[in-house]
Amino acid sequence: MVAKNDLDLFPKDVKTESQSEYVCKILKTRLNMENAKPLSTPLSMHVKLSKDECPKSDHEKEFMSKIPYQSVVGSLMYAMIATRPDIAFAVGVVSKFLSNPGKKHWEAVKMILRYLCGTKNKCLCLGGGNVSIVGYTDSDYVGCSDSRKSTSGYIFQFMGGAISWRSRLQECTALSTIEAEYVAASEACKEAI
């Protein structure tokens, strides 16, 4: 992904896909966050969300009922699927709590929005690179503290532009880091084929 103002460095046959207007609309009209302090990553490494942060008291549930958590996460999912592979992992993490989000979950969503605030002019560039498919994959080990499952992720590029990406919880519970990596590599190979 590159910033729109860097596009003149690429050949004219490079195609770009951007949702900067959509991101601005989410930040401004729905949440009044267009001037939020930007973050450099969508979700910090120290943020570990679990079901323990879900509201338990009536007061907490009432507070969270006034927050458009599901709607905002849905908007983030749309951006992620269309043109923003950089937020795939973070959106996957916060979407686990759609049925009963807590304050800490909402803070994580706002972190993603602050990241988008600083990167709203980023876009996918298709073309201008080598005519080859390049793929990357990775996983974490026991990333979900509730289920003890790991998360796999991959991204494939064609001619320098991202064409396929995914970040999701693994179906099995890995017993080691290497097992989690093998599962991730297997999923990426299936996509490559």
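Before any of the text, the structure's been laid out above.
Since we're looking at a predicted model, the values are computed, not measured. (Residues numbered from 1 in each chain as written. Predicted model: local features only at pLDDT ≥ 70, side-chain atom pairs only at ≥ 80, totals over all residues. Heavy atoms only, no water.)

### A word on the overall build of the protein
Applicable threshold: A run of H or I in DSSP counts as a helix once it spans at least four residues, and a run of E counts as a strand once it spans at least two, with each numbered from the N terminus. Radius of gyration means the value over C-alpha atoms here, while the globule rule gives 2.2 Å times the residue count to the 0.38 power. Burial classes: relative accessible area under 20% of the type maximum marks a residue as buried, over 50% as exposed, and values in between as partly exposed (1.4 Å probe, protein chains only). Method for areas: the Shrake-Rupley scheme with a 1.4 Å probe, in which residue coverage is limited to the protein chains shown. We count Lys and Arg on the positive side and Asp and Glu on the negative side, and we leave His and both chain ends out. By convention, the charge on Lys lies at NZ, on Arg at CZ, on Asp at CG and on Glu at CD.
Secondary structure summary: the protein contains six helices and six strands in total. Going from the N terminus to the C terminus, the protein shows its helices and strands as β-β-α-α-α-α-α-β-β-β-β-α. Its C-alpha atoms give the protein a radius of gyration of 18 Å, within 12% of the compact-globule value 16 Å for 193 residues. Viewed in the frame of its principal axes, the protein has a C-alpha envelope of about 55 × 45 × 20 Å. In the protein, which comprises 193 residues, the share counted as buried stands at 38%. Within the structure as shown, the protein displays about 11200 Å² of accessible surface, and the carbon and sulfur contribution to it stands at 54%. Here the protein contributes 25 positive and 21 negative side-chain charges, whose respective centroids are spaced 5 Å apart.

### So, the packing of aromatic side chains
Our working definition: Two aromatic rings from Phe, Tyr or Trp, using only the six-membered ring of Trp, form a pair when their centres are within 6.5 Å; if the ring planes differ by under 30 degrees the pair is stacked, by over 60 it is edge-to-face, and anything between is tilted. Here, over-ring charges are defined by two tests on the NZ atom of lysine or the CZ atom of arginine: distance to the ring centre within 6 Å, and angle to the ring normal within 35 degrees.
Per the stated rule, a full pass over the model turns up three aromatic pairs. The lysine or arginine in question, K103, covers the ring of F63, its NZ or CZ lying 4.7 Å from the ring centre.

### Details of the layout of surface pockets
What counts is decided by this rule: The distinction between a cavity and a pocket rests on a 1 Å grid over the protein atoms alone: a 1.4 Å probe fits inside a cavity but cannot get out, while a pocket stays open yet meets protein on both sides within 12 Å along at least five of seven lines, and a residue with an atom within 4 Å of a point counts as lining. Grid points are joined across faces, edges and corners, and a volume is the space filled by probe spheres set on the points.
Its boundaries defined by the atoms lining it, the largest pocket holds a volume of some 750 Å³. Taken together, 33 residues line the largest pocket, and the ones lying closest to its centre are F89, A90, D140, T151 and S167. Contributing elements (two or more residues each) for the lining of the largest pocket: α4 (88–95), β4 (133–139), β5 (151–158) and β6 (161–169). By residue number, the principal contributor to the lining of the largest pocket is β5, which donates five residues.

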